Amino acid sequence: NAGVMQNPRHLVRRRGQEARLRCSPMKGHSHVYWYRQLPEEGLKFMVYLQKENIIDESGMPKERFSAEFPKEGPSILRIQQVVRGDSAAYFCASSPQGGNEQFFGPGTRLTVL
Amino acid sequence: SQQGEEDPQALSIQEGENATMNCSYKTSINNLQWYRQNSGRGLVHLILIRSNEREKHSGRLRVTLDTSKKSSSLLITASRAADTASYFCATVPHGSGNTGKLIFGQGTTLQVKP
């Protein structure tokens, strides 16, 4: 049973471009969480999704950020018109049900030039 | 605001010694979890303790929870160089429904010297 997969592992974008981060949860997990980690800091919750539904997006910036978890395929975190402050590590986690331990992917490290 | 605060921020010990990390939080919780993160890697779940539990063990790990003080501690006994990592506590706030979103502390960086 493969763990949580994220790709790409490293992503470099110039200011104003779009970044798409993908997350494939563990087999059988229908709950996906996205977190952002700035250098030397802990992780901060962004959004929680179940298949085809956004359940909690209270941690998402109001503009430029969106997330989806379609019926088929991976969850996508999309950042439009990236700025330097978006540079961070973005982690995805999955869980068979909410409220218990989460299984984290290796993260995508986004660098905005 | 961030739920958890951890101390110390950094801890350096010799192999074989015990390491204790503390975590405080602000609101009532459903459970508290500890995670380890090796440099540049993802997080690995270590242990989960529910709000009605006071102590839990897993191998060389011992976690305590004091809900009256809103604090938890993680003890690693007989530390090894491979334990070198950052350790984070994370809470699932009470009343967050079944969303299960984790609120992380700032983390403790542990260095175990061989």
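Preceding this paragraph is the structure being described.
Attention here is on the structure that accompanies the text. (Residues numbered from 1 in each chain as written. Chains lettered and ligands numbered in written order. Predicted model: local features only at pLDDT ≥ 70, side-chain atom pairs only at ≥ 80, totals over all residues. Heavy atoms only, no water.)

This next bit is on the pattern of salt bridges. The full count for this structure, using the stated rule, is seven salt bridges over all chains. Close ionic contact of Asp83(B) with Arg60(B) constitutes a salt bridge, the shortest N to O distance being 2.9 Å. A residue pair is termed long-range when its members are at least 10 positions apart, and Asp83(B) in the loop between strand S8 (71-76) and strand S9 (85-93) and Arg60(B) in the loop between strand S6 (55-58) and strand S7 (61-66) qualify at 23 residues. Taken together, the shared-partner salt bridges in this structure form one network comprising Glu18(A), Arg20(A) and Arg78(A). (Salt bridge = Lys/Arg side-chain N within 4 Å of Asp/Glu carboxyl O. Helix = DSSP H or I, 4+ residues; strand = E, 2+ residues; numbered from the N terminus.)

Turning our attention to the environment of Arg78(A). Residues and elements named next belong to chain A. Relative to the helices and strands, Arg78 resides in strand S8 (residues 75-79). When the C-alpha positions of Arg78 and Arg20 are compared, they lie 4.7 Å apart, and in sequence the two are 58 residues distant. Among all residues touching Arg78, those that are not within four sequence positions of it are Glu18, Ala19, Arg20, Arg64, Phe65 and Ser66. Here Glu18 takes part through its side chain, which lies 2.9 Å from a polar atom of the side chain of Arg78. (Contact = heavy atoms within 4.5 Å. Polar contact = N/O pair within 3.5 Å; in protein donor to acceptor, adjacent residues only side chain to side chain.)

A word on the state of the cysteines. Within this structure, the stated rule accounts for two disulfides over all chains. Between the sulfur atoms of Cys23(A) and its disulfide partner Cys92(A) the distance amounts to 1.7 Å. In this structure, the disulfide formed by Cys23(A) and Cys92(A) twists by about -45° around the S-S bond and is classed as left-handed. Remark: Cys92(A) occurs in strand S9 (residues 88-95) and Cys23(A) occurs in strand S3 (residues 19-24); sequence separation between them is 69 residues. This pair shows no difference in class: Cys23(A) is buried, exactly as Cys92(A) is. At a sulfur-sulfur separation of 2.0 Å, the disulfide partner of Cys23(B) is Cys89(B). Across the S-S bond of Cys23(B) and Cys89(B) the torsion is about 65°, and the bridge reads as right-handed. Of this pair, Cys23(B) sits in strand S3 (residues 19-24) while Cys89(B) sits in strand S9, placing them 66 residues apart in sequence. The same class applies to Cys23(B) and to Cys89(B), which are both buried. (Disulfide = S-S within 2.5 Å. Buried < 20%, exposed > 50% of the residue type's maximum accessible area, 1.4 Å probe, protein only.)

Attention shifts here to the interface of chain B and chain A. Taken residue by residue, the interface counts 22 residues in chain B and 22 residues in chain A. When chain B packs against chain A, close to 1,600 Å² is buried across both sides, 51% of that on carbon and sulfur atoms. For the pair chain B and chain A, the number of links is one salt bridge. Lys101(B) is paired through a salt bridge with Asp56(A); the nearest N and O atoms lie 3.3 Å apart. (Buried area = accessible area lost by both parts, 1.4 Å probe.)

Take it as geometry only, folks, not as evidence of what the structure does.
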